Amino acid sequence: MEDHARARSGSPADGPVPEGACVLDRVRLGAGGPLARVRVAGGRITHVFAGTGTGGPVAAADGERVLDLDGRVLLPGLWDAHVHLAEWAGARHRLDLAGTASAREVADLVRRRGGAGDARGGGTVLFGYGFRDGLWPDAPHKGLLDAALPDRPVALVSADLHAAWLNSACLALVGRGGHPTGLVRETECHEVLAALPGAPAAVVDEWIADACEAAAARGVTGVIDFQYGDTVGDWERRSAAFRPAVRVAAAVYPSRLDAAVERGLRTGDPVGGSGLVTVGPLKLFTDGSLNTRTALCRDPYPGLEGTEGAHGIEETSPRELVRLMRRAAAHGIQPAVHAIGDHANTVALDAFEDVRCRGRIEHAQLLSPEDLPRFARLGVTAGVQPRHATDDRDVADRHWAGRTARAFAYADLRAAGARLEFGSDAPVSPLDPWLAVASAVGRTDDGRPAWHPEQCLTVPDALVAAARGRRLVRVGDPADLVLVDVDPARADTDTLRTMPVHATMTDGRWTHGPYRTS
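Figured I'd write up the structure that's included with this text. Predicted model only: the values in this text are computed from it and were never measured. (Residues numbered from 1 in each chain as written. Predicted model: local features only at pLDDT ≥ 70, side-chain atom pairs only at ≥ 80, totals over all residues. Heavy atoms only, no water.)

1. A short note on the side chain of Asp371
Turning to step 1, where the next piece is worked out: Among the secondary structure elements, Asp371 is positioned in the loop between β16 (359-363) and α12 (372-378).
Turning to step 2, where the next piece is worked out: On the basis of relative accessible area, Asp371 is assigned to the buried category, the value being 3%.
Turning to step 3, where the next piece is worked out: Only 2.5 Å separates the side chain of Asp371 from the side chain of Thr346, close enough to count as a polar contact.
Turning to step 4, where the next piece is worked out: At 3.0 Å, the side chain of Asp371 and the side chain of Arg374 are in polar contact.
Turning to step 5, where the next piece is worked out: If we ignore the near neighbours within four places in the chain, the residues touching Asp371 are Arg298, Asp342, Asn345, Thr346 and Leu349. (Helix = DSSP H or I, 4+ residues; strand = E, 2+ residues; numbered from the N terminus. Buried < 20%, exposed > 50% of the residue type's maximum accessible area, 1.4 Å probe, protein only. Polar contact = N/O pair within 3.5 Å; in protein donor to acceptor, adjacent residues only side chain to side chain. Contact = heavy atoms within 4.5 Å.)

Structure representation (structure tokens):
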């Protein structure tokens with residue numbers, strides 16, 4: 001106990017705490033919880049003593065440090081249940097287009113960056129990320145980029161990852177020199193981006209390792225990586241090179257499903273040697289996105305009535321969706337189905353009912369009232385991104401006018417018994433679970449009144465969704481934990497958004513904070 005007074009400030013008394021067992025003294029168990037003492041050993045929580053009549057304190061073993069946490073709050077480790085890690089890592093090195101209000105403004109940014117000779121983000125191509133054209137007064141067109149930077153390929157990716165805007169030099173580079181506008185969407189967008197030269201794999205892996213450490217600094221202990229491509233194979237390579245600061249569930253895409261089945265891979269199986277990477281779900285698509293007006297909806301988009309695509313697009317036919325889900329489920333791979341529009345969500349839920357398997361629907365942004373109870377009844381997790389609700393409120397008000405009472409309907413899903421898991425869809429929004437918690441609780445992030453406040457969640461429910469269903473710190477659970485300096489139960493939304501994270505532990509190992517050894 002002699003370390004308590006010296007360690008109270010949060011700095012180790014005699015250098016970094018050794019890896020292995022430790023006792024966390026005077027922590028508060030959860031938001032608004034009691035003071036407690038928690039022991040961690042072998043990557044597990046081995047003892048929890050709180051209040052009175054619990055058997056008394058646990059003695060520290062030889063070589064075990066007792067840390068006085070001075071009333072800091074101990075929470076289950078947080079997850080980001082939907083990220084595109086390579087995209088997120090790369091976006092941190094690309095031209096930032098967030099907040100741009102027109103295509104012409106973007107072209108001006110490209111002119112200034114290209115003139116500076118900045119080739120960050122991959123070879124000679126100038127990459128940018130983060131534009132949202134759903135409310136722009138002008139349309140993206142290759143001519144604007146050609147005038148700004150005619151001789152260097154330019155590839156700009158939309159914030160929702162469903163569109164890319166290329167100049168003529170870049171279109172020629174990927175064999176699409178005859179494209180009329182340079183704006184490619186959905187499947188064509190993914191194909192174009194996959195064909196572009198990027199940073200070397202070793203550089204991308206270094207960026208990803210840094211991004212995982214940045215995530216740990218915000219209390220993240222795990223992510224589901226939905227990066228397009230051979231995500232499992234990429235993580236097998238990375239696991240041999242470094243130990244990630246977070247757990248990673250690596251998604252499988254349909255093009256890799258047969259290979260995964262042949263290898264006998266199942267969701268949850270370990271990948272590589274770190275012990276932190278596992279096989280994730282099979283990622284499938286029913287529709288596009290709200291910003292591109294390709295989310296599949298029962299009602300047409302305003303101004304598009306009577307035109308092809310007025311209701312959005314069908315990425316995968318219901319029959320093919322069922323076939324892929326059935327094949328995956330039969331081999332132990334759970335489906336994760338992208339569905340944003342209300343019709344797309346009905347199609348996805350129908351497929352789950354036909355296949356009779358558990359899995360996930362990613363986004364679930366616009367829902368029909370009759371579909372709300374089906375999530376719980378079918379055992380389908382709603383993987384949602386609360387920051388999208390606050391980011392896209394104006395786009396939703398325009399393109400889903402009259403229907404937004406059932407958009408991003410988190411309180412209604414919770415009341416219907418659905419399991420919610422929060423993600424960011426990074427880089428669509430930043431990889432920071434506290435932004436998701438604040439947006440779910442407050443339904444605003446810009447000073448305006450809450451948007452559809454009837455859909456706000458309580459802080460406890462938001463924290464459970466951010467911790468992938470873990471509500472308590474319990475004996476026997478993995479030692480994936482986060483210590484915060486402010487009690488979330490007493491924090492306003494601004495404090496939630498910027499929550500000071502003192503330390504993060506994954507698998508019994510400190511990954512962020514003053515006790516980390518490497």
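2. Digging into unusual backbone geometry
Turning to step 1, where the next piece is worked out: For the bond from Ala426 to Pro427, the omega torsion is 15°, close enough to zero to count as cis.
Turning to step 2, where the next piece is worked out: Its location among the elements puts Pro427 in the loop between β18 (420-422) and α16 (433-442).
Turning to step 3, where the next piece is worked out: Positioned with a positive phi, Arg293 is a non-glycine residue whose angle comes to about 55°.
Turning to step 4, where the next piece is worked out: Position of Arg293 among the secondary structure elements: in the loop between β14 (277-285) and α10 (318-330).
Turning to step 5, where the next piece is worked out: Notably, Ala364 is not glycine yet its phi reads approximately 45°, a positive angle.
Turning to step 6, where the next piece is worked out: Residue classification places Ala364 among the buried positions, given a relative accessible area of 0%.

3. With respect to the nonpolar core
Turning to step 1, where the next piece is worked out: If you look at the biggest cluster of nonpolar residues, it comprises 100 residues, and the most contacted ones within it are Phe375, Trp400 and Trp434.
Turning to step 2, where the next piece is worked out: When residues in this core are grouped by element, the largest group, eight residues, is from helix α7 (residues 201-216).
Turning to step 3, where the next piece is worked out: Every residue in contact with Trp400, bar those within four places of it in the chain, is listed here: Leu290, Ala295, Cys297, Tyr301, Ile340, Gln365, Leu366, Val395, Ala407 and Phe408. (Core = buried A, V, L, I, M, F, W, Y, C linked by side-chain atoms within 4.5 Å.)

4. Some words on the packing of α7 against helix α8 (residues 231-241)
Turning to step 1, where the next piece is worked out: Where α7 contacts α8, the two axes come as close as 11 Å, and the packing angle between them is 80°. On the basis of their axis angle, the class for α7 and α8 is roughly perpendicular. Along the contact surface, α7 presents Ala201, Asp205, Ile208 and Cys212, while α8 presents Trp235, Arg237 and Arg238.
Turning to step 2, where the next piece is worked out: Looking at the contact of α7 with α8, its residues break down into four nonpolar, no polar and three charged. (Axes fitted to C-alpha atoms, helices over the stretch in contact; angles between N-to-C directions. Parallel < 35°, antiparallel > 145°, perpendicular 65-115°, else oblique. Nonpolar A, V, L, I, M, F, W, Y, C, P; charged D, E, K, R; others polar.)

5. Details of the side chain of Asp425
Turning to step 1, where the next piece is worked out: Looking at the element boundaries, Asp425 is found in the loop between β18 and α16.
Turning to step 2, where the next piece is worked out: Here Asp425 occupies a buried position and makes no salt bridge, while the nearest side chain of opposite charge, Lys283, is found at 6.3 Å.
Turning to step 3, where the next piece is worked out: Contacts of Asp425, omitting those with residues within four sequence positions, involve Asp80, His82, His84, His363, Gln385 and His388. (Lys, Arg positive; Asp, Glu negative; His and termini not counted. Salt bridge = Lys/Arg side-chain N within 4 Å of Asp/Glu carboxyl O.)

6. Re the packing of aromatic side chains
Turning to step 1, where the next piece is worked out: According to the stated counting rule, one finds seven aromatic pairs in the structure shown.
Turning to step 2, where the next piece is worked out: Here Trp235 and Phe242 contribute two aromatic rings whose centre-to-centre distance is 6.2 Å and whose plane-to-plane angle is 65°, an arrangement assigned as edge-to-face. An identical accessibility class is assigned to Trp235 and Phe242; each is buried.
Turning to step 3, where the next piece is worked out: Aromatic ring contacts, followed pair by pair, group Phe131, Trp136 and Trp165 into a single cluster.
Turning to step 4, where the next piece is worked out: In this structure, Arg238 packs its charged tip against the face of Trp235, placed 4.8 Å from the ring centre.
Turning to step 5, where the next piece is worked out: Taking the ring centre of Trp79 as reference, the NZ or CZ of Arg468 above it sits at 4.7 Å. (Phe/Tyr/Trp six-rings, centres within 6.5 Å; stacked < 30°, edge-to-face > 60°. Lys NZ or Arg CZ within 6 Å of the ring centre and 35° of its normal.)

7. Describing the packing of α10 against helix α11 (residues 342-355)
Turning to step 1, where the next piece is worked out: Closest axis-to-axis distance for the α10/α11 pair is 9 Å, and the angle between their directions is 45°. When the axes of α10 and α11 are compared, the pair comes out oblique. The interaxial crossing formed by α10 with α11 has right-handed handedness. Listed contacts from α11 to Pro318, Leu321, Val322, Met325, Arg326 and Ala329 of α10 are Val347, Ala348, Ala351, Phe352, Asp354 and Val355.
Turning to step 2, where the next piece is worked out: Tallied by class, residues from the contact of α10 with α11 come to ten nonpolar, no polar and two charged. (Left-handed = near helix turned anticlockwise from the far one by under 90°.)

8. A closer look at the pattern of salt bridges
Turning to step 1, where the next piece is worked out: Under the counting rule described, the total for this entry stands at 44 salt bridges.
Turning to step 2, where the next piece is worked out: Asp25 is the partner of Arg37 in a salt bridge, and the nearest nitrogen-oxygen pair spans 2.9 Å. With Arg37 in strand β2 (residues 35-41) and Asp25 in strand β1 (residues 22-29), this pair connects stretches of sequence that are twelve residues apart. There is no split in this pair, since Arg37 and Asp25 are both buried.
Turning to step 3, where the next piece is worked out: Linking Asp70 and Arg26 is a salt bridge whose minimum nitrogen-to-oxygen distance equals 3.0 Å. Placement of the pair is Asp70 in the loop between β4 (65-68) and β5 (73-76) and Arg26 in strand β1, with a sequence separation of 44 residues.
Turning to step 4, where the next piece is worked out: Under the relative-accessibility criterion, Asp70 is labelled partly exposed at 39%.
Turning to step 5, where the next piece is worked out: One network of salt bridges, in which partners are shared, links Arg132, Arg387, Asp391, Asp392 and Asp445.

9. What to know about the sheet that holds strand β17 (residues 380-384)
Turning to step 1, where the next piece is worked out: The strand order β6-β12-β13-β14-β15-β16-β17-β18 describes an open sheet built from eight strands, whose pairing is parallel. Every interior strand has two partners, whereas the edge strands, β6 (78-83) and β18, have only one. Each adjacent strand pair in this sheet contributes to an overall mean axis angle of 25°, direction not counted.
Turning to step 2, where the next piece is worked out: Bridge count for β17 against β18 is three bridges, and the pairing is parallel. Bridge assignment links Val384 to a residue of β18, and that residue is Phe422.
Turning to step 3, where the next piece is worked out: Running over the sheet, α10 touches β14 and β15 (335-339) and is turned about 160° from β14. (Pairing = 2+ DSSP bridges.)

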